[in-house]
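Chain by chain, the residues run as shown.
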Amino acid sequence: MQDILKYLGDNFDKNLCSNETGSKFHQYIKKETGCYDPYINEKKQGNEIALSLMPKVREILKNDDSLESYVKIAIVGNILDFGAFNLDSDIESIIHQGLDKELTINKINELEDALIKYDKVLYLVDNTGEIVFDKLLLEKIKEYDVDITVAVKEKPILNDACLEDALDAGIDELADIISIGTDSVGIVQSMISPEFKDYFENSPFIISKGMGNYEGLTEMNLDGQDVFILLCTKCKAISKDLGIGESSHILSKL
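These remarks concern the structure in this document. Remember, it's a predicted structure, so these values are computed and weren't measured experimentally.

## A closer look at the packing of helix α1 (residues 2-11) against helix α2 (residues 18-33)
Inference 1: At a minimum axis separation of 11 Å, α1 and α2 run at an interaxial angle of 155°. The orientation of α1 relative to α2 falls into the category roughly antiparallel. Between α1 and α2 lies a crossing of right-handed hand. For the pair α1 and α2, the contacting residues are D3, I4, Y7 and L8 in the first and T21, K24, F25, Y28 and I29 in the second.

## Notes on the pattern of salt bridges
Inference 1: Counting across every chain of the model gives 15 salt bridges.
Inference 2: Two residues, K43 and D37, come together in a salt bridge whose shortest N-O distance is 3.2 Å. This pair shows no difference in class: K43 is buried, exactly as D37 is.
Inference 3: Residue K140 is joined to D65 by a salt bridge in which the shortest nitrogen-to-oxygen separation is 3.1 Å. Placement of K140 in helix α7 (residues 130-142) and of D65 in the loop between α3 (40-61) and α4 (67-80) is noted, with a sequence separation of 75 residues between them.
Inference 4: On the basis of relative accessible area, K140 is assigned to the buried category, the value being 6%.
Inference 5: Linked through salt bridges whose partners overlap, the residues forming this network are D37, K43 and D165.

## Details of empty space enclosed by the protein
Inference 1: Evaluated as defined, the whole model comprises two cavities of 30 Å³ or more.
Inference 2: By volume, the largest cavity amounts to about 60 Å³.
Inference 3: Taken together, L124, V125, A151, V152, K153, A161, I180, G186, I187 and N213 make up the lining of the largest cavity.
Inference 4: Broken down by class, the residue content of the lining of the largest cavity amounts to seven nonpolar, two polar and one charged.
Inference 5: Empty space within the second largest cavity amounts to approximately 40 Å³.
Inference 6: In terms of residue count, strand β2 (residues 120-124) provides more of the lining of the second largest cavity than any other element does, three residues in total.
Inference 7: A breakdown of the residues in the lining of the second largest cavity according to their chemical character gives five nonpolar, two polar and one charged.

## Digging into the packing of aromatic side chains
Inference 1: The full count for this structure, using the stated rule, is four aromatic pairs.
Inference 2: Here the aromatic rings of Y7 and F25 are separated by 6.0 Å at their centres, their planes lie at 85°, and the arrangement is edge-to-face. Placement of Y7 in helix α1 and of F25 in helix α2 is noted, with a sequence separation of 18 residues between them.
Inference 3: Note on Y7: relative accessible area 26%, which makes it partly exposed.
Inference 4: F25 gets classed as buried once you look at its relative accessible area, which sits at 18%.
Inference 5: With 6.0 Å between their ring centres and 85° between their planes, F205 and F228 make a pair best called edge-to-face. Linking F205 in strand β5 (residues 205-209) with F228 in strand β6 (residues 226-232), this pair joins segments that are 23 residues apart in sequence.
Inference 6: Accessibility expressed as a relative area gives 1% for F205, which makes it buried.

The rules behind the values
- Residues numbered from 1 in each chain as written.
- Predicted model: local features only at pLDDT ≥ 70, side-chain atom pairs only at ≥ 80, totals over all residues.
- Heavy atoms only, no water.
- Axes fitted to C-alpha atoms, helices over the stretch in contact; angles between N-to-C directions.
- Helix = DSSP H or I, 4+ residues; strand = E, 2+ residues; numbered from the N terminus.
- Parallel < 35°, antiparallel > 145°, perpendicular 65-115°, else oblique.
- Left-handed = near helix turned anticlockwise from the far one by under 90°.
- Contact = heavy atoms within 4.5 Å.
- Salt bridge = Lys/Arg side-chain N within 4 Å of Asp/Glu carboxyl O.
- Buried < 20%, exposed > 50% of the residue type's maximum accessible area, 1.4 Å probe, protein only.
- 1 Å grid on protein atoms, 1.4 Å probe; cavity = no way out; pocket = protein on both sides within 12 Å on 5 of 7 lines; lining within 4 Å.
- Points joined across faces, edges and corners; volume = space filled by probe spheres on them.
- Nonpolar A, V, L, I, M, F, W, Y, C, P; charged D, E, K, R; others polar.
- Phe/Tyr/Trp six-rings, centres within 6.5 Å; stacked < 30°, edge-to-face > 60°.

Read these as layout, nothing more, since geometry by itself doesn't imply function.
Spelled out as structure tokens, the structure:
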């Protein structure tokens, strides 16, 4: 803790990249403790819980098979954040509430236009557990005859999804899986591998999940790319940046 506070004291300024800073914190902690996957049990449990909910979620979606409903389900996954979620909560009720809640920013028409326009999409996933809900949206995307590539973390960081977690969730049944080449919090332009950077820059259509990826994308030049973000605003900083209230569900475009 003293080392991390010293790092902040020595390096903090208004232009500091929060994702890069957070990544360095967690990479340092892993190195010093010798524990390179501190959240491994929570990650596995998150996927198990989410997978157990799939029959109920699919039953709920039978009443509304629209693209917007699948987007909302993916955002519900972002709300739950299974790595730290209270397992005693009424998850089914939260799912219903998420589907009933209007999107504060709703670019569903633009998203559908992009699904019709493009033949492939790069999908940036966020956490384990949540990726099971993403799988439902990926199934819907496939109905538009779009090839999907899902980007995961190279090595464990927090409860973010890596290759093994994506395979456990069955993401490979619907998409190719690639690594961003690092274990960063969200996506950090200065840390991703040259291979992923090239793939990213040559991807005209991108869907991004979660606040960490959103923060990273706002640091990047996205000219000429259609980039959509799906998330729930879970902190004041992101809410302020987007100009909306906390706990808002959004499908926006950068």
